[in-house]
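Close look at the chain arrangement
Here's the letter readout for the chains.
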Amino acid sequence: MTATGGTPGWPHEAPSDVAQALVDMRFVHVLEHGPAVQWQAWQEQRLAALLQWLRQSARWRDWLAPWPGEGGLGRLHALPVMRRADYRSFIEREPVRVPAGFGGIGHTETSGSSGQPVRFAYSALARRLNVNTFAADDQRQGRDTRADTLVVTVQAHPPAGEHGVAEGDPWLHPGRRLIRHSGGYSVEDNARWLCRQQAAHLATYPALLSGMLGAIQRHGLRPPRLRQVITFAETVDPSLREQTQRILGARITDRYSCEEIGPIAFQCPASDHHHHVAVSNAIVEVVDESGHPLPHGRQGSVLVTGLHQWASPAIRYELGDIATLLPHCPVCGVQVPTLTRLLGRRRVLVERASGELVYVRVQAAHWLDAAPGVHEWRMVQTAPRAFDVEVAAAQPLTGDEQAAVQAMLASRIGPEFTFALREVAQVRWPPGRKKQEIVTLG
Ligand SMILES: [Zn+2]
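Residues numbered from 1 in each chain as written. Predicted model: local features only at pLDDT ≥ 70, side-chain atom pairs only at ≥ 80, totals over all residues.

Notes on the overall build of the protein chain
On a plain count of helices and strands, the protein chain comes out with 10 helices and 20 strands. Taken over the C-alpha trace, the protein chain has a radius of gyration of 23 Å; the compact-globule value for 442 residues is 22 Å, and the two agree within 12%. Burial status across the protein chain gives 35% buried among its 442 residues. For the protein chain, the share of sequence-separated contacts (at least 6 apart) that also reach a separation of at least 24 residues comes to 64%. (Helix = DSSP H or I, 4+ residues; strand = E, 2+ residues; numbered from the N terminus. Rg over C-alpha atoms; globule rule 2.2 N^0.38 Å. Buried ≥ 20, exposed ≤ 12 C-beta atoms within 10 Å, placed from the backbone. Contact = placed C-beta atoms within 7 Å.)

Regarding unusual backbone geometry
Even without glycine at this site, Ala-233 takes up a positive phi of about 75 degrees. Position of Ala-233 relative to the elements: it lies in the loop between strand S7 (228-231) and helix H8 (238-248). In this structure Ala-233 comes out as buried when scored by C-beta crowding, with 21 C-beta atoms within 10 Å. Even without being glycine, Arg-316 reaches a positive phi, approximately 55 degrees. Within the element layout of this structure, Arg-316 appears in the loop between strand S12 (299-306) and strand S13 (317-326).

Considering the nonpolar core
Where a protein is soluble and globular, its nonpolar side chains tend to be buried together. Counting 40 residues, the largest nonpolar core has Ala-282, Val-284 and Val-304 as its most contacted members. Mapped by element, the contributors of at least two residues to this core are helix H1 (16-33), helix H4 (84-93), strand S8 (251-258), strand S9 (262-267), strand S11 (282-287), S12, S13 and strand S14 (338-345). Sorting elements by how many residues they give to this core places S13 first, with five residues. Not counting residues within four places of it along the chain, the set of residues in contact with Ala-282 comprises Ile-261, Ile-264, Val-277, Val-304, Thr-305, Gly-306 and Leu-307. Val-151, Ala-207, Ile-216 and Leu-226 belong to the second largest nonpolar core, which has 26 residues in total. (Core = buried A, V, L, I, M, F, W, Y, C linked by C-beta atoms within 7 Å.)

Details of the pairing of S11
Counting buried residues in S11 gives five out of six residues, a clear majority hidden from the surface. Relative to S12, S11 is paired through six bridges, and the arrangement is antiparallel. Bridging from a neighbouring strand, Ala-282 pairs with Gly-306 of S12. (Pairing = 2+ DSSP bridges.)

Considering the pairing of S7
One face of the sheet, then the other: side chains in a regular strand alternate in exactly this way. Residues Gln-228 and Ile-230 line one face of S7 and the alternating positions Val-229 and Thr-231 line the opposite face, and both faces are buried. Alignment of strand S6 (residues 201-204) against S7, held across four bridges, turns out to be parallel. Looking across to S7, one finds that Leu-202 is bridged to Val-229. Tracing the backbone out of S6, into helix H7 (residues 206-218) and back to the parallel element S7 gives a crossover that is right-handed. Direction of pairing for S7 relative to S8: parallel, over a ladder of four bridges. Counterpart to Gln-228 in the pairing with S8 is Arg-251. In this region the chain leaves S7, passes through H8 and returns to the parallel neighbour S8; the handedness of that crossover is right-handed. (Right-handed = clockwise from strand over helix to strand, strands pointing away.)

Printed below as a string of structure tokens:
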């Protein structure tokens, strides 16, 4: 927990980017904690400026033609839903243009929800606001920015040693970030690394967290004591929250974002079941299959509009996630729209016989309890009630183990499904994608 970020000087000596970051973070909280009329007026003004800018292009003029020009946020649904193919097509054909004040242009790639890579542009302004909007969450969640944070990721470039070290900033977050690239290691290696560290926070994907917690338990490792675990990119289920609290002594504080526009919503500091929309960055809608906004409290598809993302604009962009929208947070009372029942990517959801969509997770421990020799598995849904299950194990499964696997899958996913078990020497993962152990019909 040693901070090595150095000592800041006098306040008047703060570099301008530090001063700007403090203003940005303050702005995030002012909008979130103000009355609804305040963030609504601000979003309407930002949206109008963005649409006006885009109308310089003939293609955008056509796309935006249904926009009534007035009526504000309530009329946004007049515009078409932007699907992945539309987004790609705009990016590939339209030149990147931003106002001079937005700064230089960078590029990045995402495989997004569909596994299809897209290369998109962002301005220096959008990048800065994203970074500072994420940083504002430290204050929302009461994190100690003087303490170190462990980051276990699949995205960073692997450092030479077992982790890279990003020194802190003495003004903003004196604590260091220790960044571990999980890809080159087994889950057990990552768990052992985690147990050797002394830090206050851990930031990682729910699936990686779950894998490391399972390894800590299986191998009887002595877990580190953490204060908070920050999760992103995948759905967090209640059992993972309970396990994290029990094993690491830490609360999970989740954030919801996409690479195309950045922060979308942050977990309410007072609730595990609600996420406050990041109104300073995104307009969020929850719509039915034809793109019409659903009444508050109804489950539907999430659309986002990025207010700063002018370089590769996403307007009513369909993420493929399922959630429910409330007009404000019923737990802590902030007046910003709040997402709940955030089920994540439709592709990891299964529709039960009742019609309810559930997020399914089968952890390594479940497999090992049923059949200890299993080392890899992959389930692909082949019909509404059927899964094909590839299992690679050290030895062929016994009759009892096969029965135990069937019973375990029925209890984790639902008794109404059938599971065609196939024992294979090695699971055939599709090339060029993150390993996804459960592929649903989506
Ligand atoms: Zn709240």
